[in-house]
Amino acid sequence: MLENLFSIPMLIIYAVAYGITMKIADLLNEHGLKWFKGSAIIFGFLWGIFGAMLVAGDNTIANIILAMNIAFIIRNRLDYINHQIASSIIIISFLFTSAFSPILFLIFYFVFLIFGSLKDYVDDVLKKKNGIFVFLNETMLYYLIPTFIYCVFYGNWIVFWTFLFYTIAYDLTKYIGKKYNYH
């Protein structure tokens, strides 16, 4: 029964739900989306729960998502209570369900920190919204390229597929939000 919760198809579903709930939580407090009282907090919990399911499902994914969340802290991307709730759930889940792999964590942490910070600089300081900058911002290649390279070397392809589906779900939700004027 428990192995069904963490099968490859379920990890993909969790990755999609993680991306969707992450972006909806963001739209609810930074981009003007209004649903119902408390919806931002609820989506913070949902984002955290789906992240926790990914963390519990695969130790490599767990270390990479931990690296992502610690990089979010340093990049000051957890700037609302629902973001902080989600990250707290994910980090606490990691502590109870996963084994820390320092080298794996540090490699992905520095990649996410450096390239995420460059993306933040282009978005927040330079405010570039055209050409190659749009493509690089929208595709979040700093998640896809390193996970792809990792999988080429180590063969644990669920890592790449998880981040691919997370990125697609996040970007699709972002696109739909923009279509309805929530930028």
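Structure report, in brief. A quick note: this is a predicted structure, and the numbers were derived from the prediction, not measured.

For the protein chain, the count of helices and strands is nine helices and zero strands. Secondary structure of the protein chain in N-to-C order comes out as α-α-α-α-α-α-α-α-α. Computed over C-alpha atoms, the radius of gyration of the protein chain comes to 16 Å, within 12% of the 16 Å expected from 2.2 N^0.38 for 183 residues, which places it in the range of a compact globule. Its C-alpha atoms give the protein chain principal-axis dimensions of about 40 × 35 × 25 Å. The burial tally for the protein chain puts 46% of its 183 residues in the buried class. Excluding contacts between residues fewer than 6 apart, the proportion of contacts in the protein chain whose partners are at least 24 apart in sequence is 75%. Approximately 9,600 Å² of the protein chain is accessible, and the part contributed by carbon and sulfur atoms is 73%. Of the side chains in the protein chain, 12 bear a positive and 10 a negative charge, and the two mean positions are spaced by 9 Å.

If you look at the biggest cluster of nonpolar residues, it comprises 48 residues, and the most contacted ones within it are Y18, M68, F112, Y143, F163 and Y166. Of all the secondary structure elements, the ones that give two or more residues to this core are α2 (8-30), α3 (39-57), α4 (59-74), α5 (81-97), α6 (102-126), α8 (141-154) and α9 (158-179). The biggest single contributor to this core is α2, with ten residues.

We now examine the environment of I92. In this fold, I92 is placed in helix α5. Sequence separation between I92 and L66 is 26 residues, and the spatial gap between their C-alpha atoms is 9.9 Å.

Next up on the list: the pattern of salt bridges. A full pass over the atoms with the stated rule returns one salt bridge. Between K23 and D26 there is a salt bridge, with its nearest N and O atoms 2.7 Å apart. Taken as a pair, K23 and D26 lie in helix α2 at a separation of three residues, close to a single helical turn. For K23, a relative accessible area of 4% gives the class buried.

On to the packing of aromatic side chains, then. Scanning the entire structure with this criterion turns up 19 aromatic pairs. Seen from their ring centres, F108 and F112 are 5.7 Å apart, and the 55° between their planes marks the pair as tilted. In this pair, F108 and F112 both sit in helix α6, four residues apart, roughly one turn of the helix. Measuring from ring centre to ring centre gives 5.8 Å for Y143 and Y166, while their planes differ by 65°; the resulting arrangement is edge-to-face. Of this pair, Y143 sits in helix α8 while Y166 sits in helix α9, and the two are 23 residues apart along the sequence. Like Y166, Y143 is buried. By the ring-pair criterion, three or more aromatic residues cluster together here, those being Y18, F108, F112, Y142, Y143, Y150, Y154, F163, Y166 and Y170.

Look at α3 against α5: their axes get within 8 Å of each other, and the N-to-C directions meet at 25°. As the angle between them shows, α3 and α5 are arranged roughly parallel. For the crossing formed where α3 meets α5, the hand is right-handed. Taken together, the residues of α5 that come into contact with α3 (itself represented by A40, I41, G44, F45, W47, G48, I49, G51, A52, V55 and A56) are I81, N82, H83, I85, A86, I89, I90, S93, F94 and T97. Classifying every residue of the contact of α3 with α5 gives 14 nonpolar, seven polar and no charged.

Here we take up the environment of K119. Among the structural elements, K119 can be located in helix α6. Taking the C-alpha atoms as reference, K119 lies 9.2 Å from Y142; in sequence the two are 23 residues apart.

Cut-offs applied
Residues numbered from 1 in each chain as written. Predicted model: local features only at pLDDT ≥ 70, side-chain atom pairs only at ≥ 80, totals over all residues. Heavy atoms only, no water. Helix = DSSP H or I, 4+ residues; strand = E, 2+ residues; numbered from the N terminus. Rg over C-alpha atoms; globule rule 2.2 N^0.38 Å. Buried < 20%, exposed > 50% of the residue type's maximum accessible area, 1.4 Å probe, protein only. Contact = heavy atoms within 4.5 Å. Areas by Shrake-Rupley, 256 points an atom, 1.4 Å probe, with all protein chains shown as cover. Lys, Arg positive; Asp, Glu negative; His and termini not counted. Charge placed at Lys NZ, Arg CZ, Asp CG, Glu CD. Core = buried A, V, L, I, M, F, W, Y, C linked by side-chain atoms within 4.5 Å. Salt bridge = Lys/Arg side-chain N within 4 Å of Asp/Glu carboxyl O. Phe/Tyr/Trp six-rings, centres within 6.5 Å; stacked < 30°, edge-to-face > 60°. Axes fitted to C-alpha atoms, helices over the stretch in contact; angles between N-to-C directions. Parallel < 35°, antiparallel > 145°, perpendicular 65-115°, else oblique. Left-handed = near helix turned anticlockwise from the far one by under 90°. Nonpolar A, V, L, I, M, F, W, Y, C, P; charged D, E, K, R; others polar.

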